[in-house]
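Next come the chains, spelled out residue by residue.
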Amino acid sequence: MAVIKTEDLTYVYGDGTPFRKVAVDHVNLEIEKGDFAGVIGHTGSGKSTLIQHFNGLLKPTSGSVYIDGERLWDDKARLRSIRFKVGLVFQYPEYQLFEETVYKDIAFGPKNMGLDEEEIDRRIKETAKLVGLSDSVMQKSPFELSGGQKRRVAIAGVMAMEPEVLILDEPASGLDPKGREQILGMIKEYHKAKGNTVLLVSHSMEDIARNVNKILVMNDSKLFCYDDTAKVFHRSAELEKMGLAVPQVTRVFSRLKAMGFDMGEDVYTVKFGSSLLLDRLGRKSAK
Ligand SMILES: Nc1ncnc2c1ncn2[C@@H]1O[C@H](COP(=O)(O)OP(=O)(O)OP(=O)(O)O)[C@@H](O)[C@H]1O
């Protein structure tokens, strides 16, 4: 069974006003348990509006959202437990840190879930390790930390709730290249360790290509596709028409393919690095 399913999901901002805007338009989607998916689309294509339906932050104007087969909004009292099941990390989550210590900040979500102290402590230690926060940092004020570290704390706070689905809206935005790598690497590690469903909204095709195995493309409020990374990058001409730059390495491989160098499917899974390219070219020219 799909962990997230939508049926004709539609959301309209400002309905009945002159500012009416259909932000999500009849989206039918099934996301399987364990998928690690990138959500891409140009600015204003509906990515954030779509994901905010998955934990009941937004109520569909029409259509339905199911989490683990349960239709959201049928029973409002159940929404709280859905929010524990589907963790949402907003852009710049570090602005929401407020506790005196890093430890207390990460503990906030698990405490709200009503877990006992021992379980909270176990989760905090496990999550801190996963996101690379050392013991010495745990009793510091989050405000003493660097920007990248603050973001780790904020993300760890949601991870410690052990949601079945973790959704992150632009988790690397505003960080320098090293910081981006670290945050994305840590999310990849989390997925590997937990096997939970992870959705990563990003403007950067390079970030997406290197990390996920599925891609959801939004275009003009509609779902363009939800498919394996390799298959989506195969549609590079259509993506470019939508203003979505295909990662450079993929583009190079596409051009080489058009020139008669057939390097097979795996190049679209974006195994970065010139060694692969040289290896493939070497093998081709040796034939
Ligand atoms: N609160 C709001 N009120 C009115 N219109 C909104 C609101 N939030 C978003 N919109 C509009 O809905 C459409 C979809 O916005 P959304 O933020 O979901 O897109 P996005 O793909 O996440 O964009 P970005 O990549 O810039 O974050 C856009 O046209 C946007 O202007």
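Located above this text is the structure these notes cover.
The paragraphs below set out a description of the structure included in this document.

Rules used in this analysis
- Residues numbered from 1 in each chain as written.
- Predicted model: local features only at pLDDT ≥ 70, side-chain atom pairs only at ≥ 80, totals over all residues.
- Heavy atoms only, no water.
- Phe/Tyr/Trp six-rings, centres within 6.5 Å; stacked < 30°, edge-to-face > 60°.
- Helix = DSSP H or I, 4+ residues; strand = E, 2+ residues; numbered from the N terminus.
- Lys NZ or Arg CZ within 6 Å of the ring centre and 35° of its normal.
- Pairing = 2+ DSSP bridges.
- Axes fitted to C-alpha atoms, helices over the stretch in contact; angles between N-to-C directions.
- Contact = heavy atoms within 4.5 Å.
- Expected span 1.5 Å × (residues − 1).
- Buried < 20%, exposed > 50% of the residue type's maximum accessible area, 1.4 Å probe, protein only.
- Arc of directions from axis to C-beta.

**Re the packing of aromatic side chains**
By the definition in use, this model includes three aromatic pairs. Aromatic side chains phenylalanine 98 and phenylalanine 108 sit 5.2 Å apart centroid to centroid with 80° between the ring planes, which places their arrangement in the edge-to-face category. Taken together, the positions of phenylalanine 98 in the loop between β6 (86-89) and α3 (102-112) and phenylalanine 108 in helix α3 put the pair 10 residues apart, joining distant regions of the chain. Residue placement shows lysine 5 over the ring face of tyrosine 66; its charged tip is 5.7 Å from the ring centre.

**Some remarks on the sheet that holds β6**
Read from one edge of the open sheet, six strands run β6-β7-β8-β3-β9-β10, paired in mixed fashion. The sheet is open, and its two edges are formed by β6 and β10 (222-228), each paired on a single side. Each adjacent strand pair in this sheet contributes to an overall mean axis angle of 15°, direction not counted. Note: β6 against strand β7 (residues 165-169), four bridges, orientation parallel. Across the sheet, residue leucine 88 finds its bridge partner in β7, namely isoleucine 167. Set on the sheet, helix α7 (residues 177-194) makes contact with β3 (36-40), β7 and β8 (197-201); between it and β8 the angle comes to about 160°.

**Quick word on the pairing of β10**
Regular strands place their side chains on alternate faces of the sheet. Bridge count for strand β9 (residues 214-219) against β10 is six bridges, and the pairing is antiparallel. From the neighbouring strand, methionine 218 faces β10, where its bridge partner is leucine 223. In this structure, the hairpin formed by β9 and β10 is closed by a connection of two residues, where aspartate 220 is found at a positive phi of approximately 55°.

**Brief notes about unusual backbone geometry**
A positive phi angle is found at tryptophan 73, which is not glycine, with a value near 80°. Within the secondary structure, tryptophan 73 sits in the loop between β5 (70-71) and α2 (79-85). Backbone geometry at glutamate 170 places phi at a positive 50°, although glycine is not the residue there.

**Comments concerning the sheet that holds strand β1 (residues 4-13)**
Backbone-to-backbone hydrogen bonds join strands into a sheet, with any given pair of strands oriented parallel or antiparallel. Strand order across the open sheet formed by four strands is β2-β1-β4-β5, with antiparallel pairing between neighbours. Pairing within the sheet leaves two strands with one partner each, and these edge strands are β2 (21-31) and β5. With five bridges joining them, β1 and strand β4 (residues 62-67) adopt antiparallel strand pairing. Across the sheet, the residue bridging to isoleucine 4 is isoleucine 67, located in β4.

**Section: helix α4 (residues 117-131)**
Spanning 15 residues, α4 covers 21 Å between terminal C-alpha atoms, matching the ideal 21 Å at 1.5 Å per step. Every buried residue belonging to α4 is among Ile120, Arg123, Ile124, Thr127, Ala128 and Val131, and all of these are buried. Seen end-on, α4 carries its buried residues on one side only, within an arc spanning 130°. Set apart from the buried face of α4 by more than 90 degrees, the exposed residues are Glu118, Lys125 and Lys129. Residues of α4 that are buried sit in contact with α3, α5 (135-138), α6 (147-159) and α7.

**Brief notes about α3**
Taken as a whole, α3 has its buried residues at Val102, Asp105, Ile106, Ala107, Gly109 and Pro110. Those residues of α3 that are buried lie in contact with α4, α5 and α6. Immediately downstream of α3, the backbone of glycine 114 shows phi near 85°, a positive value.

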